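# Chain and residue survey
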Amino acid sequence: MKSFNKVMLIGNLTADPESRSTQTGVSVAYFTLAVNRKKRPGQDEVADFHRVVAWGTFADLVTRLLKKGMSIFMVGNLQSHSFEGKNGKQYVTEIVLQDLNILTWKGKESRVQDPEVEEVDLSGEEISATMAA
C-alpha cells in the first residue's frame, strides 16, 4: 500500500530559529510555527504550535533569513522519534522542512537589508540562494 506524508502550513515564527551542529558537523535548525485555526464556526481563532526542523545547508539558510514574527508558507513531512529523558521515554513529532516561501519580511530588525530571494533550489542536497544586492 502506498503512503503519503506531506504537511503544508502558513503561519508565523514564535521566535528566531535555534541552530546547532550534530557531532558529525551537520547543521540543524529548529523553530516553532504558530498557525491559527477556528475551533468551530463563529468562534475565535486559536493557535496551534508546530515544531519545525531544517537540516544541512537549508538549516543555515533558515537561521540566516528567518526571524521572530515573520510569516511563511512551508512544506514538509511529519517525523516522529523518541528518546530517553528525565521522566523516561519521551516522544516527539516534528515537521522536517522541505520547501519554504517567506510571505513577510521584518523591517529594520531583519538580518538582511532589503532582501529579494531570486532563486532557492531545494530539489537537491545543496541549496543555492541568490540574493539581490
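Residues numbered from 1 in each chain as written. Predicted model: local features only at pLDDT ≥ 70, side-chain atom pairs only at ≥ 80, totals over all residues. Heavy atoms only, no water.

## Focus: the nonpolar core
When a protein is soluble and globular, its nonpolar side chains tend to lie buried together. By size, the foremost hydrophobic cluster in this structure holds 21 residues, and its most contacted members are Phe31, Leu33, Val62, Leu66, Ile72, Met74 and Leu97. Listed by contribution, the elements that provide at least two residues to this core are β1 (7-13), β3 (27-38), β4 (45-55), α1 (56-65), β5 (71-85) and β6 (88-102). Looking at this core element by element, the count peaks at five residues for α1. Sequence-distant contacts of Phe31, defined by excluding residues within four places in its chain, comprise Leu13, Pro17, His50, Arg51, Val52, Val62, Leu66, Ile72 and Leu97. (Core = buried A, V, L, I, M, F, W, Y, C linked by side-chain atoms within 4.5 Å. Buried < 20%, exposed > 50% of the residue type's maximum accessible area, 1.4 Å probe, protein only. Helix = DSSP H or I, 4+ residues; strand = E, 2+ residues; numbered from the N terminus. Contact = heavy atoms within 4.5 Å.)

## A closer look at the pairing of strand β2 (residues 18-21)
Where a strand is regular, its side chains alternate between the two sheet faces. With four bridges joining them, β2 and β3 adopt antiparallel strand pairing. Looking at β3, one finds that Ser19 is bridged to Ala29. Connecting the antiparallel pair β2 and β3 is a turn made up of five residues, with Gly25 showing a positive phi of about 90°. (Pairing = 2+ DSSP bridges.)

## Structural notes on α1
When α1 is considered as a whole, its buried residues turn out to be Phe58, Ala59, Leu61, Val62 and Leu65. Along α1, the residues classed as buried sweep out an arc of 165° about the axis, all on the same side. (Arc of directions from axis to C-beta.)

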